Amino acid sequence: MNLAPWGFHNPVRVRLGRGVRSELPELIESNARLLIVTTPRGRRQLTGDLELAELTKRPDLIVTWMDRVQTNPDLHHLQQEIDALAEHPFDGVIAFGGGSALDTAKVLNVALSDGARGRTLAELLDDPDLHRAIQPRPLYALPTTAGTGSEVTPFSTVWDHQEKRKYSLAGPAVYPHMALVDPALTDDLPTEPTLSTGLDAINQAAESIWNRNATPITLELAARAIELGFEHLPPLVEGTGTPVPHRDAMAEASLLAGLCISQTQTAICHSMSYPLTAHFGIPHGLACALTMPAVLEQVISNDDGRLAKLAPRLLGDDSGLDELQAYFDTFHARLRVAQRVADFLAVPVLPSMVRDEMIQSQRHGNTIIGLDDADLSLIMLRSGYPFGPSK
């Protein structure tokens, strides 16, 4: 296995474990002006939480709410929110919710920072140099899903739903200041978002392994995340066993996967997922997981040793690449990933124009093997959704 010269730097302070959310009120200084970013459901959850409600009741704090977070935040909606908040100064940001809430908070924090004021979000997305050196306010990220790992990454996903395109606000200024990962905040998460966000975490870990930017640290963290995800996500989806240990394990898996992609970025599964979400509304994690076993098959055929090392780690000393492939296939089938995707597609055939969009993302090039249009067709065929004629 030949790894490129590598380093590791992640500036986010991390606290993980049940009850760590109770530390947040103590971290907020007196007389602070806070921007809290969440959804309407998230606002109800936060204000009803015995550990966090204090933040909205302290007389010394000035709280501004942005509780209109969209699923898959839209470029034009985000610009409207930036404009609306331009005259509301704040000293810190609390991001409370799933990946969309955290991504929205990261965008607002950057766009409303002194060094970025006057620039549109479109300009900031187009030219990372415009925000590379700014100093945003401290952002405290509390994920309520497990997850996207957004609480520890320097990326924020932005969608242009009119053009059906996905963008990323990326750079050092996008990192949160602190992540408080409390699994208790995910205890009441319904089954479908539990599944989709859990699959996203597992796929992020897998893509960090078959990634050109992998390091010894990310390979170890990713292997641990996959171990946790494969063991603990199915019982949560199937409603078997005691949920608390599974919730705790998935929170850890999500955090570890987020730390991985903060270094490696994601790869081909994510690149292929974006048009599936943009055109058909397939939830992000489900769209990423659809192609995971088929991509693994492609990578195994050109393994440089990292997958041969992963197999015994996951399956025991005598396990090899065939067993690893079967492990992923069985997991995929158990969670009915391909069948769930069918709920979003009128027919099990994708227009060929989608293939063109799958290969344009910069994430595509992070995969350790080169993949062309013919490979993408094979991957989608194996995944149960071949390409057909353009429409």
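The next point concerns the overall build of the chain. Within the chain, the regular secondary structure consists of 17 helices and 10 strands. Overall, the chain is about 60 × 45 × 45 Å in size when its C-alpha atoms are taken along their principal axes. Per-residue burial over the chain gives 56% buried out of 391 residues. Long-range pairs, those at least 24 residues apart, make up 79% of the contacts in the chain with a sequence separation of at least 6. For the chain, the accessible area works out to roughly 15,900 Å², and carbon and sulfur atoms hold 50% of it. Between the mean site of the 32 positive side-chain charges and the mean site of the 48 negative ones, the chain shows a separation of 3 Å.

Bringing the environment of Leu 296 into the picture now. Relative to the elements of secondary structure, Leu 296 occurs in helix 12 (residues 292-300). The spatial distance from the C-alpha of Leu 296 to the C-alpha of Phe 328 is 8.3 Å, given a sequence separation of 32 residues.

Before going further, it helps to examine the environment of Pro 386. Here Pro 386 lies in the loop between helix 17 (373-382) and strand 10 (387-388). Placed 39 residues apart in sequence, Pro 386 and Val 347 show a C-alpha to C-alpha distance of 10 Å. Contact partners of Pro 386, with chain neighbours within four places excluded, come to Pro 348, Val 349, Leu 350, Met 380 and Leu 381.

A few words now on the packing of aromatic side chains. Enumeration over the complete set of coordinates arrives at 4 aromatic pairs. Chaining the aromatic ring pairs together yields one cluster made of Phe 230, Tyr 327, Phe 328 and Phe 331.

Moving on: the nonpolar core. Buried together is how nonpolar side chains tend to be arranged in soluble globular proteins. Grouped together as the largest cluster of nonpolar side chains are 73 residues, with contacts concentrated most on Leu 199, Trp 210, Leu 233 and Met 358. Ranked by the residues each element gives to this core, the list is headed by helix 8 (residues 216-238), at 11 residues. Every residue in contact with Met 358, bar those within four places of it in the chain, is listed here: Ser 271, Met 272, Pro 275, Leu 276, Leu 350, Leu 376, Met 380 and Phe 387. Counting residues in each nonpolar core, the second largest holds 30 residues, with Leu 78, Phe 90, Ala 105 and Val 158 among its members.

All right, on to the environment of Glu 54 then. Tracing the backbone through its elements, the reader meets Glu 54 in helix 3 (residues 54-57). For the pair Glu 54 and Leu 121, spaced 67 residues apart in sequence, the C-alpha separation works out to 33 Å.

A grouping of Trp 6, Phe 8 and Ile 217 is seen on the molecular surface, where their side chains present a nonpolar patch of about 270 Å² in accessible area. Tracing the backbone through its elements, the reader meets Trp 6 in the segment before strand 1 (13-16). Residue class for Trp 6 comes out partly exposed when judged on its relative accessible area of 45%.

The two faces of strand 8 (residues 178-181) match: Met 178 and Leu 180 on one face and Ala 179 and Val 181 on the other face are all buried. In terms of strand pairing, strand 1 meets strand 8 through 4 bridges, oriented parallel. Paired with Arg 15 across the strands is Leu 180, a residue of strand 8.

To continue, consider the packing of helix 8 against helix 9 (residues 243-264). The N-to-C vectors of helix 8 and helix 9 enclose an angle of 150°; their axes lie 8 Å apart at closest approach. Crossing geometry of helix 8 relative to helix 9 is assigned as left-handed. Grouping the constituent residues of the contact of helix 8 with helix 9 by class yields 16 nonpolar, 6 polar and 3 charged.

This part covers the packing of helix 7 (residues 191-209) against helix 10 (residues 268-280). Helix 10 packs onto helix 7 with a crossing angle of 135° between their chain directions and a minimal axis gap of 9 Å. Considered as vectors, helix 7 and helix 10 are oriented oblique to each other. Counted together, Asp 200, Asn 203, Gln 204 and Glu 207 of helix 7 and Ile 268, Cys 269 and His 270 of helix 10 form the full contact between these two elements. Here the contact of helix 7 with helix 10 is composed, by residue class, of 2 nonpolar, 3 polar and 2 charged.

On the basis of which strands lie adjacent, the open sheet formed by 6 strands has the order 1-8-5-4-2-3 and parallel pairing. Looking along the sheet, the strands with just one partner apiece sit at the ends: strand 1 and strand 3 (62-66). In this sheet, adjacent strand axes meet at a mean angle of 15° when their direction is disregarded. Seen against the sheet, helix 5 (residues 99-111) touches strand 2 (33-37), strand 3, strand 4 (92-97) and strand 5 (139-143) and runs at an angle of roughly 165° to strand 4.

A surface patch of negative charge is lined by Asp 317, Asp 318, Asp 322 and Glu 323. Residue placement: Glu 323 occurs in helix 14 (residues 321-334). Relative accessible area serves as the criterion here: at 40%, Glu 323 is assigned to the partly exposed category.

Attention now goes to the pattern of salt bridges. Per the stated rule, a full pass over the model turns up 21 salt bridges. Residue Asp 60 is joined to Arg 58 by a salt bridge in which the shortest nitrogen-to-oxygen separation is 2.9 Å. Using a relative accessible area of 22% as the deciding quantity, one classes Asp 60 as partly exposed. Overall, Arg 58 belongs to the buried group, its relative accessible area being 15%.

Rules behind the numbers
- Residues numbered from 1 in each chain as written.
- Predicted model: local features only at pLDDT ≥ 70, side-chain atom pairs only at ≥ 80, totals over all residues.
- Heavy atoms only, no water.
- Helix = DSSP H or I, 4+ residues; strand = E, 2+ residues; numbered from the N terminus.
- Buried < 20%, exposed > 50% of the residue type's maximum accessible area, 1.4 Å probe, protein only.
- Contact = heavy atoms within 4.5 Å.
- Areas by Shrake-Rupley, 256 points an atom, 1.4 Å probe, with all protein chains shown as cover.
- Lys, Arg positive; Asp, Glu negative; His and termini not counted.
- Charge placed at Lys NZ, Arg CZ, Asp CG, Glu CD.
- Phe/Tyr/Trp six-rings, centres within 6.5 Å; stacked < 30°, edge-to-face > 60°.
- Core = buried A, V, L, I, M, F, W, Y, C linked by side-chain atoms within 4.5 Å.
- Patch = residues over 30% accessible without salt bridge, like charges linked within 9 Å, V, L, I, M, F, W, Y side chains within 5 Å.
- Salt bridge = Lys/Arg side-chain N within 4 Å of Asp/Glu carboxyl O.
- Pairing = 2+ DSSP bridges.
- Axes fitted to C-alpha atoms, helices over the stretch in contact; angles between N-to-C directions.
- Left-handed = near helix turned anticlockwise from the far one by under 90°.
- Nonpolar A, V, L, I, M, F, W, Y, C, P; charged D, E, K, R; others polar.
- Parallel < 35°, antiparallel > 145°, perpendicular 65-115°, else oblique.

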